[in-house]
Amino acid sequence: MAAASLADSASSLPRDVVIKTEPEIEGGPLLGSEGVSVKRDPVVSLMAPVSGLQPLSWSQDHRLAVCTTSSLSVMELVCDVHTNKQDLMLHRTSIPVPTDANRLRVGPAAEQAQVMEKFCTHPDPSVRQVFLADKVMNPSIGVHKGIKYASWSPLGCESSGRCLLACLTLDHRLTIHNSHKRLEWNMLVDLTKKYSERLKERGYAKKDNKPPQANLLDFEELQRRFHMQTPLRMEWSSVYTIKQVQPDNACIDVEMVLLAVLMENGDLVLWKFVLPFLNGADVVFYDIIESGVSRPSDLAWWEYENADRRMSGLIIGSEVGPVKIMPVSLSGVKGYFTLRHPVILWKECDEIAVENIKCVPMIHPIHKSSCSLIVASRGCYVFWCLLLISPAGLNVHNSHVAGLHSLPVVSLAVSHHGVAVYTCSLDGWIKKLTPTFTENTLIFKQEDMLQPENLTSRRIHGIAVSRNGAYIAMVSTQGIVDSYHPVTRTYQVHFVTLKTPEMAATLLLKSPTQNLYKMADLLDIVRWQILKNKCIPASLLEELDQKIQEVDSPYLWRFKLFLVRVLYQSLQSPPTDHRLKPTHEVNKVLVRDEEDGEEEEEDGQEEGESGGVKSEKEENQEEQKAEVQAWINAVETHLMRENMKKVLGVVYLNTWIAQNTSIPTCGLVEYLAKDTNDRASEVLIGHIKNKMNKQTFSERCSLCQAVLPFTDHKQAICTNGHMWLRCVLSYQACQTLTFRRCLLLDSIARLPKPEDPEWIKKILQAPCTLCDSPMI
């Protein structure tokens, strides 16, 4: 009956119905015509050639990883409000390729050396040639140095709330890194070494735990042992919440993420990371799935979520053509269901390799249900598959998009906001595919992405789209110079806009995430427009004020603060040139006659008048800057007062009796009481005063023990002149040498202490009150 009702609802629509996947807004389509793409400066030159089949990877925290032969180059897009430069602000770091060679172990060292010697001189040429040509088995042939693949975890996996980075080198070393402090990287765990030790303990047995019948002198057994621990790709799952039983039998919610590693023999090795991931010893082997794919090529997660039902699977592509989904079983995840059998998405063995697999969750506009769009490149074609789960079961629709490129597709990227697929081939052409739903299938609208003139005639090695689809990054060579190919190639990373400033502003106003940091790529386009025009668009400011009146959310106030702060930077005059310039007054007096002297007087009057105009202009600009600064102070004060009320509310709920919570409660109460027009503050202050029962717990200076009065939310000064900065999250005075600062250097936050209660530690986990940036 359910299947029939679905069919009836679908049949009620016209047969030729086409529904776009892009949401609509008032006044027209939200993601319709995106305008001409504009190249942003700077162009980033790489120190070494790119390496790997997919050299670019863009994280959810706005960091772009570029695989090169010497290191993994990382560029972080920072939407800086402390500069008036119109260029993209990029913080560059790198993870160097290890200098020591990685050698896989398949048995005892003496036995492995004997085997190597045997197969180097094997009498059978079919065996000897295969062994000598294999860079994994034969160490004498040498291996390439460089990064093969990089994969970013979801946001929030690191201790500071950012992304972990999985890095695979060309010599098959898989490591996990996190950003240590600000511009440093720290290796947390070597998964290749960890898995090799596990295989050694198990005697290199398969999943069934049966010991191998053959020894290393058997060539097939030697190949099997190498292939079962040679990683090809790795991909992170989304964050799952599981139940964990404590020693006192209490049950708490714990977040975890899985890393799936595709091995050369087709095995899928799953590693479990409990969040936040701090120590490499905490990584746990989770499961191994034998896919049966003999020549795997690429990997991606398929994750389905609809209401309280969740499913996961791993999409595996093959070098010979087939694509399938392997079920992943998760225990302890609420509402989780598992596929009973593998799902074949494409079964033809046509010797066309499957690469660049991407999976996008979508909402089917006709059936009003969740679905998944899977795209991949197969030679010159783009393979797509639409998965629909209905009460009748799982429906698979697949086909190919042909006629896109005359050369094979080298890279494929997907924009999740207003779903669009971008493909590029070796000749430098970039195509955009926009999916639209029909009653039973999908139609892809094909467009040529207009490139700036200085990006044509270049060989593109890879593309990637930023988190919210604001920018597309592409890595290319410099192209032909003076009708000749240069002797030495230089590799560069270019950034091209995909959204107009008006479109970016609309998306920011309607953001479902309500977090400025997560929308930093869109914010940067708005910042660029304000710096160019030296004004905030009137329509944007009007709509923002209207939304603040309707929904008084901190996110909208932070957005307003961002706009005003960028406006203030745009009013800053550029640095003047103070070099000494020669004067010609003496020469005029000595050479010219009386008529020249009269002309000189007239010139002097004109110069005086222009100087007066200039000074008047400067005065107006200074007045405007003062007004904008007052505007900034007013918005900052509003945000601080709202956060103070939030902190006091938490204090009130978590103190049963009057006690010293180390948070300056009395100071916050007095600060809020200065505004007599805030009714919410009056009610909250009344409740807190009744609970404190006239007791006060004053903060004291750690140097002289004098009382630290609460007169400013940014700093505290005692009577002896000692000054301490205040934590923006708890408003405590940071009287230690170590503390955290937000990414944009707006504020500081103190580090949690072991004796702090859990609710204070939770307060200190929040992002910056002013800009939503993480505390590092």
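If you look the chain up in an unreviewed UniProt entry, it shows as Ral transcription factor IIIC subunit 4 from Seriola dumerili.

Moving on, we come to the overall build of the chain. In terms of helices and strands, the chain carries 14 helices and 36 strands. Going through the 776 residues of the chain one by one, you find that 50% of them count as buried. A sequence separation of at least 24 residues applies to 58% of the contacts in the chain between residues at least 6 apart. When the accessible surface of the chain is summed, it comes to about 38300 Å², and 52% of that surface belongs to carbon and sulfur atoms.

In this fold, Thr169 is placed in strand E10 (residues 165-169). Contacts of Thr169, omitting those with residues within four sequence positions, involve Pro98, Gly146, Ile147 and Lys148.

What follows is about the packing of helix H7 (residues 520-533) against helix H9 (residues 554-570). Where H7 contacts H9, the two axes come as close as 9 Å, and the packing angle between them is 35°. Of the two elements, H7 crosses H9, and the hand of that crossing is right-handed. Contact residues: H7 offers Leu523, Val526, Arg527, Ile530 and Leu531, while H9 offers Phe559, Phe562, Leu563, Val566, Leu567, Gln569 and Ser570. A per-class count over the contact of H7 with H9 returns 9 nonpolar, 2 polar and 1 charged.

This next bit is on the packing of aromatic side chains. Taken as a whole and judged by the stated rule, the model has 14 aromatic pairs. Between Trp271 and Phe285, the aromatic rings sit 5.8 Å apart at their centres with planes inclined by 85°, giving edge-to-face as the arrangement. Here the residue Trp271 occupies a position in strand E16 (residues 267-274), and Phe285 occupies one in strand E17 (residues 284-290), the gap between them amounting to 14 residues. Given a relative accessible area of 3%, Trp271 falls into the buried group.

Here 4 strands make up an open sheet; going across it, the order is E9-E10-E11-E12 and the pairing antiparallel. Every other strand in the sheet has two partners, leaving strand E9 (147-152) and strand E12 (184-190) as the edge strands with one partner each. Between one strand axis and the next, the sheet turns through 30° on average, direction left out of account. One ladder, built from 5 bridges, connects E9 with E10; its direction is antiparallel. Residue pairing across strands places Ala150 opposite Cys167, the latter belonging to E10.

What follows deals with the confidence of the model for the chain. For residues with low pLDDT, the predicted coordinates do not support detailed interpretation. Per-residue pLDDT for the chain averages 86, and the proportion of residues at 70 or more is 89%. Ignoring residues within four places in sequence, the model shows residues 1-34, a span with pLDDT below 50, making 57 contacts including any to other chains. Low pLDDT, under 50, characterises residues 584-597; the stretch is placed with 2 contacts to residues that sit more than four places away or in other chains.

Taking 1.5 Å as the rise per residue, helix H8 (residues 538-550) with 13 residues should run 18 Å; its terminal C-alpha atoms sit 18 Å apart, in good agreement. If you check which residues of H8 are buried, you get Leu540, Leu541, Leu544 and Ile548. For H8, the angular spread of buried residues about the axis comes to 95°, placing them on one side. Summarising the geometry of H8, the exposed residues directed more than 90 degrees from the buried face are Ala538, Ser539, Glu542, Gln549 and Glu550.

Right, let's talk about the pattern of salt bridges for a bit. With the rule as written, the count across this model stands at 29 salt bridges. In this structure, Glu76 engages Arg162 in a salt bridge whose closest nitrogen and oxygen atoms are separated by 2.2 Å. Residue Glu76 is located in strand E7 (residues 71-77), and its partner Arg162 is located in the loop between E9 and E10; the two are separated by 86 residues in the primary sequence. Note on accessibility: Glu76 and Arg162 belong to one class, buried. Taking the shortest distance from any N to any O, the salt bridge between Arg641 and Asp678 comes out at 3.5 Å. Taken together, the residues span a long stretch of sequence, with Arg641 in helix H11 (residues 594-654) and Asp678 in the loop between helix H12 (665-673) and helix H13 (679-692) at a distance of 37 residues. For Asp678, a relative accessible area of 13% translates into the label buried. Several salt bridges share partner residues, and in doing so they unite Arg641, Glu642, Lys645, Asp675 and Asp678 into one network.

Moving on to the sheet that holds strand E18 (residues 296-306). Taken in spatial order, the 4 strands make up an open sheet running E18-E19-E20-E21, and their pairing is antiparallel. Edge positions in the open sheet fall to E18 and strand E21 (343-346), since each of these has one partner strand only. Averaged over all adjacent pairs, the angle separating strand axes in this sheet is 25°, with direction ignored. The pairing of E18 with strand E19 (residues 309-318) spans 10 bridges and is classified as antiparallel. Residue pairing in the sheet places Asn306 in a bridge with Arg309 of E19.

The biggest cluster of nonpolar side chains holds 87 residues, and the ones touching the most others in it are Leu64, Val493, Phe495, Phe559, Phe562 and Leu563. The element best represented in this core is H9, accounting for 10 residues. In contact with Val493, other than residues within four places in its own chain, are Pro42, Val43, Val44, Leu46, Leu64, Val66, Met75, Met474 and Val475. Counting 27 residues, the second-largest nonpolar core is a separate cluster that includes Leu164, Val189, Val261 and Trp271.

This next bit is on unusual backbone geometry. Cis geometry is adopted by the peptide bond preceding Pro42, which originates at Asp41 and carries an omega value of 5°. When you line up the elements, Pro42 lands in strand E4 (residues 39-45). Of note, the bond from Leu275 into Pro276 is cis; its omega dihedral lies within 30 degrees of zero at -10°. Note on placement: Pro276 falls in the loop between E16 and E17. We note that Asn249 has phi near 70°; this positive angle belongs to a residue other than glycine. Here Asn249 shows up in the loop between strand E14 (240-245) and strand E15 (251-263). Phi is positive for Gln705, which is not a glycine, with a value near 65°. Mapping Gln705 onto the fold places it in the loop between H13 and strand E33 (715-717).

It is worth spelling out a negative patch on the surface at this point. Together, Glu616, Glu618, Glu619, Glu623 and Glu627 make up a negatively charged patch on the protein surface. Topologically, Glu616 is positioned in helix H11.

So, about the side chain of Ser312. Tracing the sequence through the fold places Ser312 in strand E19. Of the residues examined, Ser312 reaches a relative accessible area of 0% and is grouped as buried. Apart from the residues lying within four places of it in its own chain, the contact partners of Ser312 are Tyr240, Trp301, Trp302, Glu303, Pro327, Val328, Tyr336 and Phe337.

So, about the packing of H12 against H13. Taken N-terminus to C-terminus, the directions of H12 and H13 make an angle of 150°; their axes are 10 Å apart at the nearest point. Put simply, H12 runs roughly antiparallel to H13. With respect to the hand of their crossing, H12 and H13 are arranged in left-handed fashion. From H12, Thr665, Cys666, Val669, Leu672 and Ala673 reach across to H13, where they touch Ser681, Ile685, Ile688, Lys689 and Met692. Class assignment for the residues of the contact of H12 with H13 results in 7 nonpolar, 2 polar and 1 charged.

This brings us to the pairing of strand E22 (residues 354-364). Two strands pair when backbone bridges link them, and E22 and strand E23 (residues 369-378) are joined in this way by 9 bridges, in the antiparallel orientation. Note on E23: the bridge partner recorded for Glu355 is Ser377. Taking the residues that link successive antiparallel strands as the turn, the E22-E23 hairpin has 4 residues, and the phi of Lys368 there is positive, at about 55°.

Procedures and definitions
Residues numbered from 1 in each chain as written. Predicted model: local features only at pLDDT ≥ 70, side-chain atom pairs only at ≥ 80, totals over all residues. Heavy atoms only, no water. Helix = DSSP H or I, 4+ residues; strand = E, 2+ residues; numbered from the N terminus. Buried < 20%, exposed > 50% of the residue type's maximum accessible area, 1.4 Å probe, protein only. Contact = heavy atoms within 4.5 Å. Areas by Shrake-Rupley, 256 points an atom, 1.4 Å probe, with all protein chains shown as cover. Axes fitted to C-alpha atoms, helices over the stretch in contact; angles between N-to-C directions. Left-handed = near helix turned anticlockwise from the far one by under 90°. Nonpolar A, V, L, I, M, F, W, Y, C, P; charged D, E, K, R; others polar. Phe/Tyr/Trp six-rings, centres within 6.5 Å; stacked < 30°, edge-to-face > 60°. Pairing = 2+ DSSP bridges. pLDDT = per-residue confidence, 0-100. Expected span 1.5 Å × (residues − 1). Arc of directions from axis to C-beta. Salt bridge = Lys/Arg side-chain N within 4 Å of Asp/Glu carboxyl O. Core = buried A, V, L, I, M, F, W, Y, C linked by side-chain atoms within 4.5 Å. Patch = residues over 30% accessible without salt bridge, like charges linked within 9 Å, V, L, I, M, F, W, Y side chains within 5 Å. Lys, Arg positive; Asp, Glu negative; His and termini not counted. Charge placed at Lys NZ, Arg CZ, Asp CG, Glu CD. Parallel < 35°, antiparallel > 145°, perpendicular 65-115°, else oblique.

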